[in-house]
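# Examination of the molecular architecture
Next come the chains, spelled out residue by residue.
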Amino acid sequence: MATGVYQLPNLLALLPKKPGGDISPHFKEADTGYNAWVHKKLGWFFAKEVYNAEMPLLAAMAWPLASCQELRAILAYMTSSFMLEELTDRCSSTKVVNNSQLWISTLRDTEGGETSRHPFIKTMRKELIPMMKAAVDPFHWPQFIASNELFAKNVIREAFVRDADMNENAANNIQSYTVMRRETIGTRPCFVLMRSTRRLYIPDDVLAHPLMTEMEDVAIDMVSIANDIYSFKKEYGDNGALTNLLTVIHKDPTTDHLDLQERIRYATKLFNAALDRFHSCRQKLPSFGDVALDRHVSSYADGLIDWVVGNIEWSLVNHRYNTFVHEKDRQNNIMRLNNRPFSSQHFVLFIVLSILFGRLPVQSLYRMFYA
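Predicted model, so just to flag it, every value in this text is computed and none were measured.

What follows covers the overall build of the protein. Of the regular secondary structure elements, the protein holds 17 helices and 2 strands. Taken across its 371 residues, the protein has 53% of its residues classed as buried. At a minimum sequence separation of 6, the contacts of the protein that also span at least 24 residues come to 75%. For the protein, the accessible surface area stands at approximately 17200 Å², while carbon and sulfur atoms represent 54% of it.

Below, the discussion takes up unusual backbone geometry. Here the phi dihedral of Glu54 falls at roughly 50°; this positive angle occurs in a residue that is not glycine. Assignment of secondary structure puts Glu54 in the loop between helix H2 (44-53) and helix H3 (55-62). Judged by its relative accessible area of 18%, Glu54 is buried.

One can describe the packing of helix H9 (residues 188-197) onto helix H11 (residues 210-239) by two numbers: an axis separation of 11 Å at closest approach and a directional angle of 115°. Between H9 and H11, the crossing angle belongs to the class labelled roughly perpendicular. In this structure, H9 meets H11 at a crossing whose hand is right-handed. Of H11, the residues touching H9 (which contributes Arg188, Phe191 and Arg195) are Glu216, Asp217, Ala219 and Ile220. Taken together, the residues that form the contact of H9 with H11 break down as 3 nonpolar, no polar and 4 charged.

Take the packing of aromatic side chains next. Going through the model one piece at a time under the given rule, you end up with 9 aromatic pairs. Look at Phe232 and Tyr236: their rings are 5.9 Å apart centre to centre, the planes differ by 15°, and that puts the pair in the stacked class. Taken together, the residues Phe232 and Tyr236, both in helix H11 and 4 residues apart, mark about one turn of the helix. Judged on exposure class, the residue Phe232 and its partner Tyr236 are both buried. The ring of Tyr300 has Arg195 sitting right over it, with the charged end atom 5.1 Å from the ring centre.

Bringing the pattern of salt bridges into the picture now. A side chain of one charge can pair with a side chain of the opposite charge when the charged atoms of the two come close. Considering all chains together, one arrives at 16 salt bridges under this definition. For the salt bridge of Glu70 with Arg199, the shortest nitrogen-to-oxygen distance reads 2.8 Å. Taken together, the residues Glu70 in helix H4 (residues 68-88) and Arg199 in the loop between H9 and helix H10 (204-207) connect sequence positions 129 residues apart. Accessibility expressed as a relative area gives 7% for Glu70, which makes it buried. Here Asp238 and Lys234 are joined by a salt bridge, their closest N and O atoms 2.6 Å apart. With a gap of 4 residues between them, Asp238 and Lys234 both fall in helix H11, about one helical turn apart.

Judged by nonpolar contacts, the single largest core of 107 residues is most densely connected at Trp63 and Tyr230. The dominant element in this core, judged by the number of residues it contributes, is H11, at 14 residues. If we skip the residues at most four places from it in the chain, Tyr230 touches Leu8, Pro9, Leu11, Ile312, Ser315, Leu316, Tyr321, Thr323 and Phe324.

Okay, the packing of H3 against helix H14 (residues 291-317) next. Contact pair H3 / H14: the axes reach a minimum separation of 8 Å and the direction vectors enclose 145°. In terms of crossing hand, the pair formed by H3 and H14 is right-handed. Of the residues in H14, those in contact with Leu57, Leu58, Met61 and Ala62 of H3 are Asp306, Trp307, Gly310, Asn311, Glu313, Trp314 and Val317. Within the contact of H3 with H14, the residues separate by chemical class into 7 nonpolar, 2 polar and 2 charged.

Next up on the list: the confidence of the model for the protein. Here the protein averages 87 in pLDDT, and 86% of its residues register 70 or above. Segment residues 341-371 is flagged for pLDDT under 50; beyond a separation of four residues in sequence, or across chains, it makes 44 contacts in the model.

On to the environment of Met215. Secondary-structure assignment places Met215 in helix H11. Classification of Met215 as buried rests on a relative accessible area of 0%.

Turning our attention to the environment of Ala267. If you trace the backbone, Ala267 turns up in helix H13 (residues 260-284). Considering only alpha carbons, one finds Ala267 and Leu245, 22 residues apart in sequence, at a separation of 7.6 Å.

Next up on the list: the side chain of Ser224. Within the secondary structure, Ser224 is located in helix H11. Classification of Ser224 as buried rests on a relative accessible area of 7%. Leaving out residues up to four positions away in the same chain, Ser224 has contacts with Arg181 and Ile185.

Rules used in this analysis
Residues numbered from 1 in each chain as written. Predicted model: local features only at pLDDT ≥ 70, side-chain atom pairs only at ≥ 80, totals over all residues. Heavy atoms only, no water. Helix = DSSP H or I, 4+ residues; strand = E, 2+ residues; numbered from the N terminus. Buried < 20%, exposed > 50% of the residue type's maximum accessible area, 1.4 Å probe, protein only. Contact = heavy atoms within 4.5 Å. Areas by Shrake-Rupley, 256 points an atom, 1.4 Å probe, with all protein chains shown as cover. Axes fitted to C-alpha atoms, helices over the stretch in contact; angles between N-to-C directions. Parallel < 35°, antiparallel > 145°, perpendicular 65-115°, else oblique. Left-handed = near helix turned anticlockwise from the far one by under 90°. Nonpolar A, V, L, I, M, F, W, Y, C, P; charged D, E, K, R; others polar. Phe/Tyr/Trp six-rings, centres within 6.5 Å; stacked < 30°, edge-to-face > 60°. Lys NZ or Arg CZ within 6 Å of the ring centre and 35° of its normal. Salt bridge = Lys/Arg side-chain N within 4 Å of Asp/Glu carboxyl O. Core = buried A, V, L, I, M, F, W, Y, C linked by side-chain atoms within 4.5 Å. pLDDT = per-residue confidence, 0-100.

Right under this line is the structure:
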């Protein structure tokens, strides 16, 4: 199905430059400290997965105004959410419920995970959460917890959809997929962390204004659309890109006639529509009766642009997606695919881990990290 050479869009050309600057000046310091922690704390196999994710680079690009302490707190959260994804991505809905509830109860109150023998929960409780609390503004902590409660709830919902235990088929419908993706991509908590790093004190009632919520929603849509475009090659090699927008477009009855290149163009149109809606919402925002608050709202919109652009910048250069074969292809936005649904690397990994553990690779990964 997906073979050949494909032209990807130049999404950065559609967006303004980041108001917060290119990258946090504290990137190298945070990167060194975080990688040292990963090397010390995680087993070799899982540490390789974390290194390959290049989370410090994403943090520094998406939060360009963050201090070193704030970047380390952001990385502590990203590590926690990365592990939630690993613990819920391919297991049964029952296991997803248990793991998600344990994860959020620990984040909400470290004593919530005190009785758990789970090694990562212990690490999360003793090291990662204290690191977050030390850097996140107390004003933003309740909003941060609330956004993660919604995130965990929707991770559970996604698992039930995946198990076909609910009368939904979000993977076959663009609109339903978009709505679900907003809550499972895990970006809302990151936006709270962004407000904290910028000292933006926006109360809940202002955040709940329809134009504010839509502006945030379409910013998330831009993040997820870009993410699905640039991660398609990796996901196609992993599992045929089963839950990716480009696959959903192919399954949706209104667009199932499109080939892959046309689906990429269609996804780009969706990105453009979201960007236009973002600008429209921002222009229509009313005054909230306070000069300082209005300034914070405007700065929040700047921060959302920083996040959308920073995420794309990271997607273009990170080794996790490995979208481009060489630098010339990256400069020209050329993606090359072969006709294998699974790469030889993943096949060998599957065989080795299956022989060693008699389980699926994700379960083996879980056991190797938590042994």
